[in-house]
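Tertiary structure, described
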Amino acid sequence: MQDENYDPLSIEKKWQKNWEQGKKFQPSNTGDNFSIVIPPPNVTGSLHMGHALEHSIIDVITRIKRLQGFQTLWLPGTDHAGIITQLLVEKELEEKGISKHDLGRENFLKKVWEWKDESGDNITNQMKTLGMSCDWSRERFTMDEGLSKAVINVFVSLYENNLIYKGTRMVNWDTKLKSAVSDLEVTSSNELGKLWTIKYKTGDTFIEIATTRPETLLGDTAVAVNPFDERYKELIGQTVTIPIVNRDVEIIADEYVDIDFGSGCVKITPAHDFNDYEIGKRHNLDLITCLDFDGNIEKKDFIPAELRGLDRFKARERIVEMLEESGILVSVEDHQIQIPKGDRSKTILEPMVSEQWFVKTDEIAKKAIKVVEEDDIKFIPKNWEKTYFEWMYNIQDWCISRQQWWGHRIPAWYDEAQNHYVGKSEADVREKHDLADDVKLIQDEDVLDTWFSSALWPFSTLGWPEETDDLKNYYPTSLLVTGFDIIFFWVARMIMMGLYSMENIPFKEILIHGLVRDSQGRKMSKSLGNTMDPLELSEKHGADALRFSLIEKANPGQDVPFDEEWTVSAKKFGNKVWNAAKFVHLYTDELSSLEINDISCAENKWIISKFNDTLSEFNDLFEKYKISDAYKLLYTFLWSELFDWYFEFSKNLFVDDTHKVETQSVLRFVFLESLKLLNPAMPHLTEEIWSSFDKTYLIDNVWPSMIQVDSDVSDEIESLKEIITKIRNFKSNYNLKNSLKIDLNSTTTNPDWFINQLENIANVHISNKTESGVVLTFQSAEYVFSLIANKYIDIDNEVKRLTKKIEELEKSLEISKKRLNNEKFVQNAKKELVDEENENVQNINSQIDLINSTLRSLKN
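The structure reproduced in this document is the subject of the present report. Chains are numbered independently. Their residues run from 1 in the order of the written sequence. In keeping with the model being predicted, local features are shown solely for residues with a pLDDT of at least 70 and side-chain atom pairs are shown and tallied solely at 80 or more, while totals for entire chains, interfaces and linings include all residues. The basis for every side-chain value is the complete set of non-hydrogen atoms in the structure, without hydrogens or water.

A few words now on the overall build of the protein chain. Secondary structure elements follow DSSP: runs of H or I of four or more residues count as helices, runs of E of two or more count as strands, with numbering from the N terminus. Helices and strands together make up the secondary structure of the protein chain, namely 28 helices and 29 strands. Scaling as 2.2 N^0.38, a compact globule of 860 residues should have a C-alpha radius of gyration of about 29 Å, whereas the protein chain reaches 36 Å, well beyond that. Expressed as lengths along the three principal axes of its C-alpha atoms, the size of the protein chain is roughly 115 × 70 × 55 Å. Buried residues are those whose accessible area, probed at 1.4 Å on protein chains only, stays under 20% of the maximum for their type, while exposed residues exceed 50% and partly exposed ones sit between those limits. Counting over 860 residues, the protein chain shows a buried share of 53%. Pairs at least 24 apart in sequence give 76% of the contacts found in the protein chain among residues at least 6 apart. Here the Shrake-Rupley method, with its probe set to 1.4 Å, supplies the accessible areas, and only the displayed protein chains count as covering residues. Surface exposure of the protein chain reaches about 40300 Å², of which carbon and sulfur atoms provide 45%. Looking at charge distribution, the protein chain has the averaged site of its 101 positive side-chain charges lying 4 Å from that of its 144 negative ones. Two things to know: the radius of gyration comes from C-alpha atoms, and the globule rule equals 2.2 Å times the number of residues to the power 0.38. Contacts are assigned to residue pairs with any non-hydrogen atoms lying within 4.5 Å of each other. Counted as positive: Lys and Arg. Counted as negative: Asp and Glu. His and the chain ends are not counted at all. The location of each charge is read from NZ of Lys, CZ of Arg, CG of Asp or CD of Glu.

Here you go:
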């Protein structure tokens, strides 16, 4: 039995438990394979609106594929989130007055694992709350034993194939984390800074040089000018003295220098600037470091004693004072600067030369480009290929080492002479290189970039390097659903690593979704105070309502400007479905069997035809992953065609036995088949309703198929709907009660069923009498009905009222037109306001046309 009231929370908890206990999310043993891996959320994280959108899209696709008979696997898991997890645990320890160094590496890692065991399932449980149908029995973690083995194997293989090397290069250095970070983990913000112009002495004169980082002059090893700059041609090859450190360096020529920026002279600090580093390599310049890895000035002899050990920004202040005291500070100006910050630490990063481990990307990138160019992997929408190619064609070697403790420790060992050996274990290294037991080996202290392990996710989660059944059945995976913001971080690297390790693509299609924004289109952030918690929304309105409100707006590649009102509306829709189920129970529970054969009734033919059209278009849209459009289509069919029109039609068919059983069967059948379409988006609600009709699980059922029916009555039903709507509008416009039965005249012969439905639904009486008076006509393409208007309304008063209404509308129209004809308004107003004004003009014109049409009828 179905409960009287719809209570989302109790229903959702009930079915989450039943599905999981019943192992309903595990793949069946039949059908073609469909597999998808979750973009692994950070183990430290909590579910945010982006997760809710992404997971809802994946879950809808997975549930549809499951109902379509595919052997479906949605594989869940979490990422160990090296940097952020270590920061979190370090912070907790610091609050107790303990540092990681107090504990030592081994004990610190024990603390991290303890944290993971206590809190690591939070995001998984939150996903379950929203009804995500992952196969939780296969859940993986990037630091679990199997994935760790995969990481080591890939590292060793890449190294042995000369695709991983250790080298000294410039990297982004995070002084808070004390680690290198990837280029992709850098966020740049445009901020107001300073531009200092300084005099550098050359011979008997000075040249002026502008810089935004005066502290780096301590490491200058050249001054560069453009070779085509006539001002400085004679100075090229001469020396210039660096202030404060009094170092003589050469003036060099390089086309990198912008003649029009500043003075056209640039200080070159190869050890502390990416562009300078490249210039330094071209000109064989010395690398002189003046900052250490803590972000402090180096304690070196050539640096004035008062600067040694100072924080970089404190040193900047003192250096500016020293320049000013020496009379060589020319000017200080405000200047907009791109400030690079660590994505996790929010600290200003420093370009630093450091010894790190790198993956050579050139060759493996070419293969990854080719599979997308040749459509072996397809981006949806296709335009996101451009973003992928822009990065891949300009790819740099990938710095994969991080100076952290939490993560996959690099499988390299060093002897006392600092020779390094790479292997799967220390024992493997000793055996490979025939190292005696008394040769002392120490493992590399660094760990691998988190993105290294997640790049292996599509195959490592399936058991690789073991030849498992899962790997055989589900690799390559069918689809990847992810945001555009990690095409570089993750998507490209998975393609490269899949082609390298598996010699096959990791997935066939990539569905890109946008960001969830607030209702004004702004990115959600704590600083703006516009963030929303999906779990709170779920608690207030139900998980199904949240899922549906996101899915209905989730067009591929487009951002979702979210408003809580959508979830409120989705809950109302769920309540509508709940009450619709009660209606179906009321009229069909006495049915002994459910057979759809030889449908003769026009109304029943029509609703089946409408269902077929909806199903066909839904399937077409789903094949293109236009899930939002598919569920908008279903919403319209359910709310308008089925719950509104057909329910009204069916009531009149239950009055006698002529079409009763047929209508009961059609009503029940179409409703239950429609539940299957709705189920992937609102699984709890539909499963609960289904269980009140059937003892089986809806999740175990099959996707609907077309129902054969003669659909030649569709035009007649559409005509009936059109006339009923016009009659209802007439009553509404003239404040007539719906219960008032009005007389309609018809001069044509109409089918009995048509007249029956019209009289009952529109509350009219049809006759062929002719009377004199003001006649209003209600017609469609095939049917014409008329009434004597002055029997129900005061014509003169109505003409006056409508004439006055037109006058008011025309005044409003004039105001809007004046605004739109005002060039200043059109040029200066926000686009939304101009669009709103144009829309207002269209609406007012439509209203005026409609009233004029009514006036013509009344005056005639």
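Turning our eyes to something else, we now look at the pairing of strand β2 (residues 71-75). Of all five residues making up β2, five are buried, and the element is well covered by its neighbours. Here β2 shows two buried faces, one formed by Gln71, Leu73 and Leu75 and the other by Thr72 and Trp74. Any two strands between which DSSP finds at least two bridges are classified as paired. Sheet topology note: the strand β1 (residues 33-37)/β2 ladder contains five bridges and is parallel. For Val37, the partnering residue across the bridge sits in β2 and is Leu75. Handedness of a crossover is defined as follows: with both strands directed away from the viewer, a clockwise route from the first strand across the helix to the second makes it right-handed. At this point the chain moves from β1, through helix α2 (residues 49-67), to the parallel β2, and the crossover so formed is right-handed.

This paragraph deals with helix α20 (residues 602-623). Helices are assigned an expected span. That span is 1.5 Å times one less than the residue count. Between the first and last C-alpha of α20 there are 32 Å, a value that for 22 residues agrees with the 32 Å anticipated at 1.5 Å per step. In the stretch just after α20, Tyr625 is the one whose phi turns positive, near 60 degrees.

Excluding glycine, most residues fall at negative phi; most peptide bonds, likewise, are trans. With omega at 15 degrees, the peptide bond leading from Trp464 into Pro465 counts as cis. Positionally, Pro465 belongs in the loop between α14 (457-460) and α15 (469-474). The linkage connecting Tyr475 with the following residue, Pro476, adopts the cis geometry, with an omega of 0 degrees. In this fold, Pro476 is placed in the loop between α15 and β22 (477-483). Its identity is not glycine, yet Ile244 carries a phi of approximately 70 degrees, on the positive side.

What follows deals with the pattern of salt bridges. Pairs can form between side chains of opposite charge whenever their charged atoms are close. Salt bridges are defined as contacts in which a side-chain nitrogen from Lys or Arg sits within 4 Å of a carboxyl oxygen from Asp or Glu. Inspection of every chain in the model, using the stated rule, returns 54 salt bridges. Between Glu298 and Lys300 there is a salt bridge, with the nearest N and O atoms lying 3.9 Å from each other. Judged by its relative accessible area of 27%, Lys300 falls in the partly exposed class. With a shortest N-O distance of 3.5 Å, Lys432 and Asp428 are connected by a salt bridge. Within this pair, Lys432 and its partner Asp428 are both found in helix α12 (residues 426-433), separated by four residues, close to a single helical turn.

One open sheet holds the four strands; their spatial order is β6-β5-β14-β16, and the pairing between them is antiparallel. Edge positions in the sheet fall to β6 (179-181) and β16 (398-399), since each of these pairs with one other strand and no more. Pairing of strand β5 (residues 164-174) with β6, which is carried by three bridges, proceeds in the antiparallel orientation. Opposite Trp173, over in β6, you have Ala180 as the bridge partner.

Let's shift gears to the sheet that holds strand β20 (residues 442-443). The antiparallel open sheet is built from three strands, whose spatial order is β19-β18-β20. Since the sheet does not close on itself, it has two edges, and those belong to β19 (420-422) and β20, each with one partner. Bridge analysis of strand β18 (residues 412-414) against β20 gives two bridges, and the strand direction is antiparallel. Across the sheet, residue Tyr414 finds its bridge partner in β20, namely Ile442. Structural elements are reduced to axes, namely lines fitted to C-alpha atoms, with helices fitted over the stretch in contact, and the angle between N-to-C directions of any two is expressed from 0 to 180 degrees. Sitting on the sheet, α12 touches β18 and β19, and the angle it makes with β19 is about 105 degrees.

Within the secondary structure layout, Lys178 lies in the loop between β5 and β6. For Lys178, a relative accessible area of 35% corresponds to the partly exposed category. For Lys178 and Ile123, which are 55 residues apart along the polypeptide, the C-alpha to C-alpha distance reads 28 Å. Once residues within four sequence positions are removed from consideration, Lys178 is found in contact with Trp173, Phe293, Asp294 and Gln403.

This part is about the packing of aromatic side chains. Only centres within 6.5 Å qualify two rings of Phe, Tyr or Trp (six-membered ring in Trp) as a pair; their planes then separate them into stacked at under 30 degrees, edge-to-face at over 60, and tilted for everything else. Considering all chains together, one arrives at 44 aromatic pairs under this definition. Centre to centre, the rings of Phe548 and Phe573 are 5.1 Å apart; their planes meet at 35 degrees, and the pair counts as tilted. Of this pair, Phe548 sits in helix α18 (residues 543-551) while Phe573 sits in helix α19 (residues 564-588), and the two are 25 residues apart along the sequence. Assigned by exposure class, Phe548 and Phe573 land together as buried. Residue Phe573 is classed as buried on the basis of its relative accessible area, which comes to 0%. Through a chain of ring-to-ring contacts, three or more aromatic side chains come together here, namely Phe548, Phe573, Phe618, Tyr631, Tyr635, Trp639 and Trp703.

Turning next to the nonpolar core. Nonpolar cores were defined as sets of buried Ala, Val, Leu, Ile, Met, Phe, Trp, Tyr and Cys residues, with membership established by side-chain atoms within 4.5 Å. Phe452, Ile495, Phe671 and Leu758 are the most contacted members of the largest nonpolar core, which has 195 residues in total. Looking at this core, the element that brings in the most residues is helix α21 (residues 627-653), giving twelve residues. Apart from residues lying up to four places away in sequence, Leu758 is in contact with Leu720, Ile723, Ile724, Ile727, Leu744, Asn763, Val764, Ile766 and Phe785.

What follows concerns the environment of Tyr393. Residue placement: Tyr393 occurs in the loop between α11 (384-392) and β16. In this structure the C-alpha to C-alpha distance between Tyr393 and Glu321, which are 72 residues apart in sequence, comes to 45 Å. Sequence-distant contacts of Tyr393, that is, excluding residues within four places in its chain, are made with Ile369 and Glu373. Here a polar contact means two N or O atoms within 3.5 Å. Within protein one must be a hydrogen donor candidate and the other an acceptor candidate, and residues neighboring in sequence count only if both atoms are side-chain atoms. One polar contact links Tyr393 to Glu373, side chain to side chain, over a distance of 2.3 Å.

Moving on, we get to the packing of helix α3 (residues 82-94) against helix α5 (residues 105-119). Orientation of α3 relative to α5, taken along the N-to-C sense of each, is 100 degrees, at an axis distance of 10 Å. On the basis of the axis angle, α3 is roughly perpendicular to α5. Residues Thr85, Gln86, Leu88, Val89, Glu90, Glu92 and Leu93 of α3 lie in contact with α5, whose contacting residues are Phe108, Lys111, Val112 and Trp115. When an angle is under 35 degrees it counts as roughly parallel; over 145 it counts as roughly antiparallel; between 65 and 115 it counts as roughly perpendicular; any other value is oblique.

Here we take up the side chain of Asn555. Its location among the elements puts Asn555 in the loop between α18 and β25 (560-561). On the basis of relative accessibility, which here comes to 18%, the residue Asn555 falls in the buried class.

Another aspect to go through is the packing of α18 against α19. Where α18 meets α19, the axes come as close as 8 Å, and the angle between the chain directions of the two elements is 115 degrees. For the pair α18 and α19, the sense of crossing is right-handed. Contact residues: α18 offers Ala545, Leu546, Phe548 and Ser549, while α19 offers Trp566, Thr567, Ala570, Lys571 and Phe573. By the convention adopted, Pro, Cys, Tyr, Trp, Phe, Met, Ile, Leu, Val and Ala count as nonpolar, Lys, Arg, Asp and Glu as charged, and the other residues, Gly among them, as polar. Residues belonging to the contact of α18 with α19 are distributed by class as follows: six nonpolar, two polar and one charged. Working rule for handedness: look at the near helix, and if it is turned counterclockwise from the far one by less than a right angle, call the crossing left-handed; if clockwise, right-handed.

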